[in-house]
Amino acid sequence: QVQLVESGGGLVQPGGSLRLSCAASGRLFIPNVMGWYRQAPGKERELVAVSITGGSMNYADSVKGRFTISRDNADNTIFLQMSSLKPEDTAVYYCNVVRYKYPQYEYWGQGTQVTVSS
């Protein structure tokens with residue numbers, strides 16, 4: 001059974017930085033997409049950043065230039081470096097991995113809270 005374990009969330013002041021990590025435990029066939037999503041109170045879950053295996057990285061317009069997604073393929077770990085944080089970045093952040101080819105799968109992390117407040 002594969003589990004995604006996130007870490008790195010917390011409370012930070014506006015303008016500050018945080019680095020989120022998400023590590024997969026268990027055997028994981030190479031995913032096609034690894035990414036981060038977030039959900040703020042009263043809002044729907046939204047895409048933050050995704051890394052397409054062997055391809056590009058895509059970001060939500062609201063985080064471009066401030067957030068950077070990276071990955072360690074050897075350890076099936078993904079990171080989200082967040083800088084110049086704003087109060088509107090406050091949300092629960094979830095990591096996600098997807099494989100479209102056999103064996104297909106999709107896994108979500110349990111979520112980590114990020115609060116940006118003075």
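The structure presented is a predicted model; accordingly, all values stated were derived computationally and were not measured.

Q: Any chance you could explain the side chain of Ser-51 here in plain terms?
A: Within the fold, Ser-51 resides in strand β5 (residues 46–52). Judged by relative accessible area, which is 5%, Ser-51 ranks as buried. If sequence neighbours within four positions are ignored, Ser-51 has contacts with Asn-32, Val-33, Met-34, Ser-56, Met-57, Ile-69 and Arg-71.

Q: Quick question: what am I supposed to make of the pattern of salt bridges here?
A: Taken as a whole and judged by the stated rule, the model has 4 salt bridges. One salt bridge in this structure joins Asp-89 and Arg-38, with 3.0 Å as the shortest N-O distance. Here Arg-38 lies in strand β4 (residues 33–39) and Asp-89 lies in the loop between β8 (77–82) and β9 (91–99), a separation of 51 residues in the sequence. Of the two residues, Asp-89 and Arg-38, neither departs from the other in class, the shared state being buried. Across the pair Lys-64 and Asp-61 runs a salt bridge, and its minimum N-O distance is 3.1 Å. Asp-61 matches Lys-64 in its accessibility class, with the two residues each being exposed.

Q: Sorry if this is basic, but what is going on with unusual backbone geometry here?
A: With the exception of glycine, most residues fall at negative phi, and the peptide bonds are largely trans. Put simply, Tyr-102 and Pro-103 share a cis peptide bond, and its omega is -5°. By the secondary structure assignment, Pro-103 is in the loop between β9 and β10 (105–108). The phi angle at Asn-76 is positive, at roughly 50°, despite the residue not being glycine. For Asn-76, a relative accessible area of 15% gives the class buried. In the Ramachandran plot, Ser-84 falls in the positive-phi region, its phi being about 50° despite a non-glycine side chain. Looking at the secondary structure, you find Ser-84 in the loop between β8 and β9.

Rules of the game
Residues numbered from 1 in each chain as written. Predicted model: local features only at pLDDT ≥ 70, side-chain atom pairs only at ≥ 80, totals over all residues. Heavy atoms only, no water. Helix = DSSP H or I, 4+ residues; strand = E, 2+ residues; numbered from the N terminus. Buried < 20%, exposed > 50% of the residue type's maximum accessible area, 1.4 Å probe, protein only. Contact = heavy atoms within 4.5 Å. Salt bridge = Lys/Arg side-chain N within 4 Å of Asp/Glu carboxyl O.

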